[in-house]
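# Analysis of the macromolecular model
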Amino acid sequence: MIRILTDSTCDLLPAEAARLGVEVVHMQVRFEDGEVFRDGLDMTPDEFYARLVKCDKLPTTSQPSPQDFMDRFEEAKAAGDEVVAILISGLLSGTYQSARIAADSCEYDKIHLVDSMNATLGEQLLVRLAVQMRADGATAGEIVAELERRRMDVRLVAVVDDLKYFRKGGRLTGAQALAGSLLGVKPVVAVRDGKVGLAGKARGMPGAYVALFKLMDTEGGLDETMPYMIGYTAHRKAAEPIHRYLTQNLGLEAPLCRHIGTAIGTHAGPGAAGVAFFAKNPGGAAAE
């Protein structure tokens, strides 16, 4: 048997994880008042964002401990199962390192770790690919090889409604955030090479969506033969322009739409929306 394991930053709903046969190791979220919650378990996304807007300081996330992974790995070892663990980018979290420590300590050669080089919905696309390959009869080695081959093809781009969360997270100075807010600037962010960063900006949300659609092309274009997803933080309506673009402009089937959770949502704040997809032409723009 092949066990597929991931961390809670991939934003799989508990019921969805159970249906797909995916085990989830949960991060912890600590708010400024000291309260700690298990990411994706103790607090719904709606509750998280309702609380986020009241915070003077951004909440912090704590990676799972090596013991959290060791417990899962020892269970698999006792059962003689293989494990494919697909985890948040090692450049965004120490989660992969915790899993590596646990795997080395377990001394079981059927544990396979994959750094997704992504987060949230981008990471989830790789988890879903692994689930599909397992259902199709692929071996653990074949799944790992395909994930490592395709992980750099995954794109995650999003528009952000409010710059103050980037300021609170230290990604913008107070002056930059204030100037941007006065001008109505809305940033476009992307996960590139395992890191989150600014990828563009526009005045007003309509302009930001246009910038996002152009960025999708310059990032290689959407491969309609592979899974793709859209997501939002707090307000589902923020994802509607992306849904319309995919279904009406590109003529694609309606995508799965899910909450973007704490890994990206803490810094993006409520009102953000994005799309995760596999690039059709990973090496360059779709027009090339």
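Refer to the preceding data block for the structure.
Residues numbered from 1 in each chain as written. Predicted model: local features only at pLDDT ≥ 70, side-chain atom pairs only at ≥ 80, totals over all residues. Heavy atoms only, no water.

## Focus: the overall build of the chain
- A count of helices and strands for the chain gives 11 helices and 13 strands.
- For 288 residues, the compact-globule estimate of 2.2 N^0.38 gives 19 Å, and the chain sits close to it at 19 Å.
- For the C-alpha atoms alone, the extent of the chain along its principal axes is close to 60 × 50 × 30 Å.
- Counting the 288 residues in the chain, one finds 53% classified as buried.
- Surface summary for the chain: the accessible area is close to 12700 Å², and the carbon and sulfur share equals 50%.
- For the chain, the centre of its 32 positive side-chain charges and the centre of its 38 negative side-chain charges are spaced 7 Å apart. (Helix = DSSP H or I, 4+ residues; strand = E, 2+ residues; numbered from the N terminus. Rg over C-alpha atoms; globule rule 2.2 N^0.38 Å. Buried < 20%, exposed > 50% of the residue type's maximum accessible area, 1.4 Å probe, protein only. Areas by Shrake-Rupley, 256 points an atom, 1.4 Å probe, with all protein chains shown as cover. Lys, Arg positive; Asp, Glu negative; His and termini not counted. Charge placed at Lys NZ, Arg CZ, Asp CG, Glu CD.)

## Description of helix α5 (residues 120–135)
- With 16 residues, α5 should cover 22 Å at 1.5 Å per step; its first-to-last C-alpha distance of 23 Å lies within 8% of that length.
- In terms of burial, α5 is a largely internal element, 13 of the 16 residues being buried.
- Immediately downstream of α5, the backbone of G137 shows phi near 95 degrees, a positive value. (Expected span 1.5 Å × (residues − 1).)

## Examining the sheet that holds strand β5 (residues 60–62)
- If you trace the three strands from one edge of the open sheet to the other, you get β4-β3-β5, paired in antiparallel fashion. Each edge of the sheet is formed by a strand with only one pairing partner; in this case those strands are β4 (36–38) and β5. For this sheet, the mean inter-axis angle between neighbouring strands, taken without regard to orientation, is 30 degrees.
- As paired elements, strand β3 (residues 28–30) and β5 share three bridges and run antiparallel to each other. Residue pairing across strands places Q28 opposite S62, the latter belonging to β5. (Pairing = 2+ DSSP bridges. Axes fitted to C-alpha atoms, helices over the stretch in contact; angles between N-to-C directions.)

## Examining the pattern of salt bridges
- Counting across every chain of the model gives 16 salt bridges.
- Two residues, E16 and R258, come together in a salt bridge whose shortest N-O distance is 2.5 Å. Of this pair, E16 sits in helix α1 (residues 14–20) while R258 sits in strand β12 (residues 256–259), and the two are 242 residues apart along the sequence. The same class applies to E16 and to R258, which are both buried.
- For R100, the salt bridge is made with D104, and the minimal N-O distance between the two is 3.4 Å. Here D104 and R100 lie together in helix α4 (residues 95–106), a separation of four residues that amounts to about one turn.
- Taking relative accessible area as the criterion, R100 reaches 28% and is therefore assigned partly exposed.
- Through salt bridges with shared partners, one network takes in R3, E23, R72, E75 and D81. (Salt bridge = Lys/Arg side-chain N within 4 Å of Asp/Glu carboxyl O.)

## So, the environment of P64
- Looking at where P64 falls in the secondary structure, it is placed in the loop between β5 and α3 (66–79).
- Given a relative accessible area of 1%, P64 falls into the buried group.
- Note: C-alpha distance between P64 and T247 (183 residues apart in sequence) is 38 Å.
- Not counting residues up to four positions away in its chain, the partners in contact with P64 are V25, H26, M27, F69, T95 and S98. (Contact = heavy atoms within 4.5 Å.)

## Focus: the pairing of strand β10 (residues 195–203)
- Of the strand pairs in this sheet, strand β9 (residues 185–192) and β10 are connected by eight bridges, and their pairing is antiparallel. Among the inter-strand pairings, V185 is bridged to a residue of β10, identified as R203.
- Adjacent in sequence and paired antiparallel, β9 and β10 are bridged by two residues, among which D193 carries a positive phi angle near 50 degrees.

## A closer look at unusual backbone geometry
- The residue M117 is not glycine, and still its phi comes out positive at about 60 degrees.
- Here M117 shows up in the loop between β7 (111–115) and α5.
- The phi dihedral of A234 is positive, around 75 degrees, even though this residue is not glycine.

## A look at the packing of α3 against α4
- α4 packs onto α3 with a crossing angle of 45 degrees between their chain directions and a minimal axis gap of 8 Å. Between α3 and α4, the angle is such that the two are oblique. Where α3 crosses over α4, the two elements pack in a sense that is right-handed. Residues P66, F69, M70, F73, E74 and K77 of α3 form the contact with α4, whose participating residues are T95, S98, A99, I101, A102, A103, S105 and C106. (Parallel < 35°, antiparallel > 145°, perpendicular 65-115°, else oblique. Left-handed = near helix turned anticlockwise from the far one by under 90°.)

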